[in-house]
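# Coordinates in review
Each chain, letter by letter, is given below.
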Amino acid sequence: MPSPFPSFQSVLERIAAEIEATPGRGRPADYIPVLAEADPRRFGMAVADLDGTVYGVGEWQQPFSTQSITKVFTLALDLSLEGDVLWEHVGREPSGNPFNSLVQLEHEHGIPRNPFINAGALVVTDRLQTLTGDAAGVLRDFLRTESGNPDLGFDMTVADSESAHGDRNAALAHFMASYGNIRNPVPVLLDQYFRQCSIEASCADLARAAGFLARHGTRADGSYLLTRSQAKQVNAVMLTCGTYDAAGDFAYRVGLPGKSGVGGGIIAVVPGRCTLCVWSPGLDERGNSVAGVAALDRFTTLTGLSVF
Ligand code: GLN
């Protein structure tokens, strides 16, 4: 007799107890000064079913800085508006380099490797800005609708802190502009990008908002954001590029499409089944949450849910 499938709630509680007992949680991001103040022992995790029912443990309702997790949503919004034209301006290969690296861009003529490293995300936000006139606002409104949380929004303290220390992102944007791959004035793009990254949302909000990726492109209200094929493509790019130069190890340990942010959050997708979000601010040297990766590793091990 196969053993019964454990309930999401019981799995989450077991994971939280294991994480609590684990020493060593990494260090918060310090290149954005306000994020450096976060306590690495904080932890929350949520799972959203296909119908939007959310199970949670720890600080699963606590808003945190979403940072690069937003890159999944801007990619999806841009693809829904312009389709494959996007791929003429950004690649979809793992970079094998840190998320904010400049080194490949000159060899590759200002076309970033993928939409999840900073250079690629800047291109996506630039294109969404051209298409909508307010990329960050469109993203915020989408996240509010899909999460059902009308209070979700920008944290301007974080956006201003990142802007004040944003020389590397500015360098990436100017460099790509020199190749004609950025269409808006760089200061406009950076303002949009820093506000995008500053959005505060909880594990519950993000697990729900990412639901369209588990529902093959279908939004919470039943309408389509993406075609089934596009949803598959976004999940594939998350699997291969979503955790930067640790994507191979993440696929090995977790076995799901995932996207991390330097606020300590990670979202992950079990296509056709559920979406997950975990948050703990201590990062490893590649910018991924230490407890977050460990918790997702335990989730797929305990449940057997994986794309493999
Ligand atoms: N806002 C951050 C940056 O551009 C996002 C990086 C991340 O979350 N990996 O550096």
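This write-up is about the structure you can find in this document.

Reading the values: rules and limits
- Residues numbered from 1 in each chain as written.
- Predicted model: local features only at pLDDT ≥ 70, side-chain atom pairs only at ≥ 80, totals over all residues.
- Heavy atoms only, no water.
- Helix = DSSP H or I, 4+ residues; strand = E, 2+ residues; numbered from the N terminus.
- Rg over C-alpha atoms; globule rule 2.2 N^0.38 Å.
- Buried < 20%, exposed > 50% of the residue type's maximum accessible area, 1.4 Å probe, protein only.
- Contact = heavy atoms within 4.5 Å.
- Expected span 1.5 Å × (residues − 1).
- Near = heavy atom within 4 Å.
- Polar contact = N/O pair within 3.5 Å; in protein donor to acceptor, adjacent residues only side chain to side chain.
- Areas by Shrake-Rupley, 256 points an atom, 1.4 Å probe, with all protein chains shown as cover.
- Nonpolar A, V, L, I, M, F, W, Y, C, P; charged D, E, K, R; others polar.
- Axes fitted to C-alpha atoms, helices over the stretch in contact; angles between N-to-C directions.
- Parallel < 35°, antiparallel > 145°, perpendicular 65-115°, else oblique.
- Left-handed = near helix turned anticlockwise from the far one by under 90°.
- Salt bridge = Lys/Arg side-chain N within 4 Å of Asp/Glu carboxyl O.

### Quick word on the overall build of the protein
Along the protein, the regular secondary structure elements total 13 helices and 7 strands. Rg of the C-alpha trace for the protein: 18 Å, near the compact-globule value of 19 Å for 308 residues, within the 12% margin. Counting the 308 residues in the protein, one finds 57% classified as buried. Look at the contacts in the protein between residues 6 or more apart in sequence, and 69% of them connect residues 24 or more apart.

### A few points about the environment of Leu190
By secondary structure assignment, the location of Leu190 is in helix H8 (residues 186-198). When the C-alpha atoms of Leu190 and Arg144 are compared, they prove to be 22 Å apart, with 46 residues separating the residues in sequence.

### Description of helix H5 (residues 135-147)
With 13 residues, H5 extends 18 Å between its outermost C-alpha atoms, agreeing within 8% with the 18 Å of an ideal straight helix rising 1.5 Å per residue. Among the residues of H5, Ala135, Ala136, Gly137, Leu139, Phe142, Leu143, Glu146 and Ser147 are the ones counted as buried. On its buried face, H5 sits against helix H2 (70-82), helix H4 (118-132), H8, helix H9 (203-209) and helix H10 (211-214). Gly148 lies just past H5 and shows a positive phi near 75°.

### Topic: the site of the ligand
Around the ligand, the neighbouring residues are Tyr31, Gln67, Ser68, Phe99, Asn118, Glu162, Asn169, Tyr193, Cys197, Tyr244, Gly261 and Val262. Contact distances for the ligand include 2.9 Å between a nitrogen atom and a side-chain N or O atom of Tyr244. Val262 has a polar backbone atom sitting 2.8 Å from an oxygen atom of the ligand. Across the complex, the protein chains shield 99% of the 300 Å² of accessible surface that the ligand would expose by itself. Looking at the shell around the ligand residue by residue, the class counts come to 6 nonpolar, 5 polar and 1 charged.

### Considering the packing of helix H7 (residues 167-178) against H8
Across the interface, H7 lies against H8 with an axial gap of 10 Å and an inter-helix angle of 135°. If you check the angle between H7 and H8, you find them oblique. Seen along the crossing, H7 lies across H8 with a hand that is right-handed. Where H7 abuts H8, its residues Asn169, Ala170, Ala173, His174 and Ala177 lie against Val186, Leu189, Leu190, Tyr193 and Phe194. Of the residues in the contact of H7 with H8, the class split is 8 nonpolar, 2 polar and no charged.

### Digging into the pattern of salt bridges
Inspection of every chain in the model, using the stated rule, returns 11 salt bridges. Note that Arg195 is salt-bridged to Asp191, the shortest N-O span being 3.2 Å. Of this pair, Arg195 and Asp191 are both found in helix H8, 4 residues apart, which corresponds to roughly one turn of the helix. Classification of Arg195 as buried rests on a relative accessible area of 16%. A relative accessible area of 38% means that Asp191 is categorised as partly exposed.

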